[in-house]
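# Breakdown of the fold
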Protein chains: 2
Amino acid sequence: MTERKIPLSQVQFLLDESRIYAEEVLRRQLESYNPIDLAEVLKDLEDEGKVRLFLSLGPEARALVLDETDAESRETILASLDVPAISDVVEEMPPDEGADILQQLPEEKGQEVLGEVEQDLAEELSELTRYGKDTAGGMMTTDFVEVDVAATVGEALQKVREEEEAEHVSEVYALDARGRLRGTVDIKTLLERPPDERVSVAMTSDPLSVALDTDQEDVANLVNKYNLPALPVVDVEHVMKGVITLDDVLDVIDEEVDEDMLRIAGTLSRDLVSVPIRKKYVNRLPFLFTTFVGGILTIVIQYSFRFTTDQLVAITFFIPIINGLAGNVGLQSSTIMVRGFATGEIGLDRIHKLLPIEATTGALIGLTFGVLCGVVTAVFAGALNSTALLGVVVGVSLAAATTMASVIGTAVPAFCERVGIDPAVSAGPFIVTLLDTAALLVYLGFATALLQFLVR
Amino acid sequence: MTERKIPLSQVQFLLDESRIYAEEVLRRQLESYNPIDLAEVLKDLEDEGKVRLFLSLGPEARALVLDETDAESRETILASLDVPAISDVVEEMPPDEGADILQQLPEEKGQEVLGEVEQDLAEELSELTRYGKDTAGGMMTTDFVEVDVAATVGEALQKVREEEEAEHVSEVYALDARGRLRGTVDIKTLLERPPDERVSVAMTSDPLSVALDTDQEDVANLVNKYNLPALPVVDVEHVMKGVITLDDVLDVIDEEVDEDMLRIAGTLSRDLVSVPIRKKYVNRLPFLFTTFVGGILTIVIQYSFRFTTDQLVAITFFIPIINGLAGNVGLQSSTIMVRGFATGEIGLDRIHKLLPIEATTGALIGLTFGVLCGVVTAVFAGALNSTALLGVVVGVSLAAATTMASVIGTAVPAFCERVGIDPAVSAGPFIVTLLDTAALLVYLGFATALLQFLVR
C-alpha cells in the first residue's frame, strides 16, 4: 500500500448522493477510507460539507478526523455539535487530544462535557487542561504502561497485555510505591529476561525525564538529541504523570518550524493553511507595518539629507544596492540565530564566540562587494557627473553596512532569546527595517561629509 | 535525570590530564558521560582534541560519537583513522549509519573497509551505499524483526527475543516465502493473542510502505501524517528491504528544515554549525551575488530613467519603501509556498486555488499601504517640489508592486516545484531581486508617463 489520496470530488459526490441513499450506506462508504485522509479532504469542504461528512462517520473515525483536521475545520465542527456528541468523541480520544478539544471549547460548554464523560476520564482531562498547551504537561498522554519496581518481568509482561489504551508501546515504566519514576524497560528486553527476574534488575535506572512545565521546544530537542522512543513526564516529587510519544514530538516540531519560518517572513503560522483572505490580510499587516514605517523613515532621511547640487542625484542611485545587501546579510545572520536557538544548536553561552565570527564574515562579504561596487562606480563616475571618489564612498558604506548587518542580525535575536522574547519575531521585517535605516544614515552621512570632493 | 550538559572545560581538562595519567583512567572517566553529549562537546574542540577524545573511547561510544557529531568533526576523525580502526567502528554501528560513514570515505578507503568487516555486513553495507542518501533506501536500517506470515504468535515472540540488533522494536513484519511484506503486528498485540494463533490473523494486512527510491521528505511527511511508529521499505517486487524508524525521520526533518530556512535566507544549511569563517563566506557569496546583480540593475534602471528636472529628485525618495514592501510581501508568499510544499500541506493541484487568494491578499495589502503612502505623499508633495499627483503615482505603484509580489512569490516556487527544482532556492534572494527590479520598472515607468503633471 502507498499513500491513499482521496479526490475531493469523490467525497463531495458521496455527500451529495446521500441525499438519495440511506445514511448507513454513506457511512459504510466513508469508513473504507483512512480517517486521516478524510481529515485532509475535510479541510477543503464548505462549512456545511465539513459537518455532514463528520456526522456520517462512526465514533472512532470522528475522534481521529477531529484531531487531525485543521483548527478552522475543528472549530466549525465543534460549534455544530451538542454536549453529548462532543462527549462521545472526547471519550474515544487519547486523553491528551481530548484535553486539547476541551481547551478549544467555550468555558461553559467544556464544563458540561466534563460532567458528561466518565468520572475517571473527567479527572484526567481536567488535570491535563491545567497545563499550558506548549508545555510537556500539555503534550503528554496519561496512557502508559506502569509496573511496580518490585514486580517481576512476568508480571510486567502481564501488565502490558492488560493495558487497553496505550498503543504502539515499546516502553514500560517502573514506579515505586509512591508513584515515582524509578526506571524504564522496553518490552523486547522483558521478553528476553527470565519471567521471575525483578523488573528493577532488567530496567534502565534513572531514565531521562522532563518536568510538567518544560517548554515543548525543549522536549522536542531532548527527544531528538537522545533518540528517545518516548519521554516520561514527572512532577516536582518525581511522580510520573504521563509520557510524550514521538508522534506528539513530530507535531510540535512542525508547529515550531511553521512559526519560526513564517515569523521571519513576516506573518503568522496559521497563514499556511487555507484561511480566508480577510484573515491572511490581518495576519500579515502588523509585520508589514514595520516595513512601512521603515520605508517612511527612509523618505524622511533622504529628504533631510537631500543634495541640492543637481549633479549629485547619482548618490541616491546607490541606496537600493546598499540596503539590499545589508538586508540580505542581516537575514542570513538572523535566520541562523533563530534556527540555531530552536534546535539547541546555538546556546546563549556561545554567542561571544559566534558574534565575532559572524561580524568578520559580514565584513569580508562587505569588502568583496564594496570593492566590486566601488570600482564599477569609480569607472562610471564621470557618466554620473561625479568624481571617482564616489566609488570610495559607495564601497566603504557598503562594507560598513554589511558588517553592521551581520552584527545586528546576530545580536538582536540573541538579545531577544536572553530576555525571553521569541527571536523569530525580531528576525524578519524588524531587523531588515532597522538595517535599512542604519545603512542609509551611514551612507548619506558619509557622502555629505565628502560632498565637496564628489562634485566634478 | 534531566539533560546532562558537559562543560567543555571539563573535557579539555581531562584530555590535558591524560598526558600525566594512564589512558585507561581517562577512558573510564569519559565513559561516565553519555556519548551523545560527548559528540556535542567534541564539535567545539580543536582538531587534535577531537581525535584524542575519540581515541580515548571504547568501541560502542566511538560508534555513537561518530554518528552524532557534526560533519566537520566526523571528517577530521575519519581522516586520522586507519582502515582497521574504521572497520571496528562501522561494525558497532547499525548498518544505515555504517553506510553513511562509508559514503563519506574516499572510494578506495571505503573498499578497504568493506574488505575488513564481516562478510554479511559487507554485503548489507555495499547494498545500502547504492541507494541515494536522500531516499528511503538511504534512510532505512536493515535491522528489523521479520517472521513468516504462516508462523504462530508464539513463534513470532520467539523471533523478537532472538533478534539481537533491532532496538526499541514495537513492530514485527510478516513476510511470505519470497520475502514480500504481507503485514505488520506490534509486540503488544502479539502478547495479547493466544500463542498458537497464526500471525496472519493477528496482523494488520497490507500496511503502508514506501519504495527504495522514495524521497526522504515524502517519507517524513507520510510518517508524520499517519503517525506511524516505523515505515517498511520494499523493492519493486514488494520484497521488504528495511525499515525507517522515527529517529531517522526526526533527523531528516531537521535536515530539510535547516535547508529550506537557510536557503530562503540565502545561505547553505551547513552554515548553521560552527564552520570556519572562510566557509561561511563561500556559502553565502553565491546567494548575495544575486542580490548584488539586482542592485546593479537598480542603478542602471535609475540611471536610464534619470529625471533631468531638478525638482523631481523626490521621485527617487520613494524607491526604498516600494521595494521594501514588495520584497516583504514576496517573502511572505514564497515562504508559505516553500513550507507548504515541504510539509505536503500545499500540493501542486491546489495552486490554481491558492494563487488568486494570495494575489488578492497582496492587492489588499498594496491598496492599504498605497492609500496610506499616497495620502502622506500628496500632503507633503509641496515640500518635495511636486504636485499632489505624485501621491497617486506612488500609491498606485505601491499597490501594483505588492500585487505583483504576491503573484511572483506564489508562482515562482510553484513553477520550481513543478519542474523539480527545490522551491527554497528561488524563494529568497532570487525573488526579492526579481521583485526589486520589477517594482522599480513599474514605478519609474509610471512616473515618467505622468512626468509633466508632476512638476509644480
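Residues numbered from 1 in each chain as written. Chains lettered and ligands numbered in written order. Predicted model: local features only at pLDDT ≥ 70, side-chain atom pairs only at ≥ 80, totals over all residues. Heavy atoms only, no water.

Counting its regular elements, chain A contains 24 helices and seven strands. Here the C-alpha radius of gyration of chain A, 30 Å, is well above what a compact globule of 456 residues would show, namely 23 Å. Along the longest, intermediate and shortest principal axes, the C-alpha atoms of chain A span 95 × 65 × 45 Å. Sorting the 456 residues of chain A into buried and exposed places 55% on the buried side. When contacts within chain A are restricted to residue pairs at least 6 apart in sequence, those whose partners lie at least 24 apart make up 68%. In the form shown here, chain A has an accessible surface area of approximately 18,900 Å², with 55% of it arising from carbon and sulfur atoms. Charged side chains of chain A number 35 positive and 74 negative; the gap between the two group centres comes to 6 Å. (Helix = DSSP H or I, 4+ residues; strand = E, 2+ residues; numbered from the N terminus. Rg over C-alpha atoms; globule rule 2.2 N^0.38 Å. Buried < 20%, exposed > 50% of the residue type's maximum accessible area, 1.4 Å probe, protein only. Contact = heavy atoms within 4.5 Å. Areas by Shrake-Rupley, 256 points an atom, 1.4 Å probe, with all protein chains shown as cover. Lys, Arg positive; Asp, Glu negative; His and termini not counted. Charge placed at Lys NZ, Arg CZ, Asp CG, Glu CD.)

Our next topic: the interface of chain A and chain B. As a measure of interface size, the accessible area lost when the parts come together is often cited. Taken together, the contact between chain A and chain B spans 111 residues of the former and 112 residues of the latter. With both chains or domains summed, chain A and chain B bury close to 10,500 Å², and 64% of this area falls on carbon and sulfur atoms. At the boundary of chain A with chain B, the tally comes to 16 salt bridges. Arg350(A) is the partner of Asp44(B) in a salt bridge, and the nearest nitrogen-oxygen pair spans 3.0 Å. Summed over the shared surface of chain A and chain B, the number is 34 residue pairs in polar contact (both at pLDDT 80 or more). Ranked by residues supplied to the side of chain A that touches chain B, first place goes to helix H19 (residues 319-343) of chain A with 16 residues. Residues of the side of chain A that touches chain B, tallied by class, amount to 55 nonpolar, 26 polar and 30 charged. (Buried area = accessible area lost by both parts, 1.4 Å probe. Salt bridge = Lys/Arg side-chain N within 4 Å of Asp/Glu carboxyl O. Polar contact = N/O pair within 3.5 Å; in protein donor to acceptor, adjacent residues only side chain to side chain. Nonpolar A, V, L, I, M, F, W, Y, C, P; charged D, E, K, R; others polar.)

Between the two copies of the chain lies a rotation about an axis combined with a shift along it. Mapping chain A onto chain B calls for a screw motion: a turn of 180° about the axis and a shift of 0.0 Å along it, with 0.1 Å RMSD after fitting. In the structure described here, the two chain copies are related by an operation that fits a two-fold rotation axis. Relative to the rotation axis, the closest C-alpha in chain A is found at Ser170(A), a distance of 2.6 Å. Both copies contact each other with a shared surface, as 100% of the interface residues of chain A are interface residues in chain B too. (Least-squares fit on C-alpha atoms with pLDDT ≥ 70 in both.)

The subject of this paragraph is a nonpolar patch on the surface. On the surface, a nonpolar cluster with roughly 460 Å² of combined accessible area is contributed by Val371(A), Val375(A), Val376(A), Val379(A) and Phe380(A). Mapping Val376(A) onto the fold places it in helix H20 (residues 351-380). (Patch = residues over 30% accessible without salt bridge, like charges linked within 9 Å, V, L, I, M, F, W, Y side chains within 5 Å.)

If you look at the biggest cluster of nonpolar residues, it comprises 138 residues, and the most contacted ones within it are Ile244(A) and Ile244(B). Residues within four places of Ile244(B) in sequence aside, it is in contact with Ala136(B), Met139(B), Met140(B), Val210(B), Val219(B), Ala230(B), Leu231(B), Val233(B) and Val249(B). (Core = buried A, V, L, I, M, F, W, Y, C linked by side-chain atoms within 4.5 Å.)

Within strand S2 (residues 171-175) of chain B, five of the five residues are buried, which leaves the element mostly enclosed by the surrounding structure. What sits between the antiparallel neighbours S2(B) and strand S3 (residues 181-186) of chain B is a turn of five residues, in which Gly179(B) has the positive phi angle 85°. (Pairing = 2+ DSSP bridges.)

Look at Asp206(A): it is not a glycine, yet its phi comes out positive at around 50°. One can find Asp206(A) in the loop between strand S4 (204-205) and strand S5 (210-211). Taking relative accessible area as the criterion, Asp206(A) reaches 39% and is therefore assigned partly exposed. Even without being glycine, His238(B) reaches a positive phi, approximately 70°. Examined against the element boundaries, His238(B) turns out to sit in the loop between strand S6 (230-234) and strand S7 (240-245).

Opposite charge on two side chains permits pairing when their charged atoms draw close. If you walk through the whole model with that rule in mind, you get 30 salt bridges over all chains. As a salt-bridge pair, Glu40(A) and Lys225(B) come within 3.9 Å of each other at their nearest N and O atoms. A residue pair is termed interchain when its members come from two chains, as with Glu40(A) in helix H3 (residues 35-43) and Lys225(B) in helix H15 (residues 216-225). On the basis of relative accessible area, Glu40(A) is assigned to the partly exposed category, the value being 27%. Among the residues examined, Lys225(B) registers a relative accessible area of 15% and is labelled buried. As a salt-bridge pair, Arg339(B) and Asp254(A) come within 3.5 Å of each other at their nearest N and O atoms. Here Arg339(B), found in helix H19 (residues 319-343), pairs with Asp254(A), found in helix H16 (residues 246-265), and the two come from separate chains. A relative accessible area of 5% means that Arg339(B) is categorised as buried. Shared partners join several salt bridges into a network, and the residues in it are Asp37(A), Glu40(A), Lys43(A), Lys225(B) and Glu345(B).

Next up on the list: the sheet that holds S6(B). All names here are of chain B. Taken in spatial order, the three strands of this open sheet run S5-S6-S7, and their pairing is mixed. Each of the sheet's edge strands pairs with one partner strand only, and the pair in question is strand S5 (210-211) and S7. Two elements, S5 and S6, share two bridges in a ladder whose sense is parallel. Within S6, the residue paired with Ala211 across the bridge is Val234. Contacting S5, S6 and S7, H15 runs over the sheet at an angle of about 135° to S6. (Axes fitted to C-alpha atoms, helices over the stretch in contact; angles between N-to-C directions.)

This part is about the packing of helix H4 (residues 47-55) of chain B against helix H6 (residues 71-80) of chain B. All names here are of chain B. Between H4 and H6, the shortest axis-to-axis distance is 9 Å and the interhelical angle comes to 70°. What the angle tells us is that H4 and H6 run roughly perpendicular. For H4 against H6, the interelement crossing comes out right-handed. In this structure, H4 uses Asp47, Lys50, Val51 and Phe54 to contact H6, whose residues at the interface are Ser73, Thr76, Ile77 and Ser80. (Parallel < 35°, antiparallel > 145°, perpendicular 65-115°, else oblique. Left-handed = near helix turned anticlockwise from the far one by under 90°.)

Residue and element names in this part refer to chain A. Among the five residues of strand S6 (residues 230-234), five are classified as buried, and the element is accordingly described as predominantly covered. Going residue by residue along S6, you find Ala230, Pro232 and Val234 tucked away on one face and Leu231 and Val233 tucked away on the opposite face as well. Here five bridges tie S6 to strand S7 (residues 240-245), and the two strands are oriented antiparallel to one another. Counterpart to Leu231 in the pairing with S7 is Ile244. Turn length for the S6-S7 hairpin, with the two strands adjacent in sequence and antiparallel, is five residues, and the turn residue His238 shows positive phi of about 70°.

Quick look at the confidence of the model for chain A now. Low pLDDT marks stretches whose predicted atomic positions should not be read closely. Of all residues in chain A, 95% attain a pLDDT of 70 or more, and the chain-wide mean is 88. For this predicted complex, the interface score ipTM comes out at 0.85, while the overall pTM is 0.86. (pLDDT = per-residue confidence, 0-100.)

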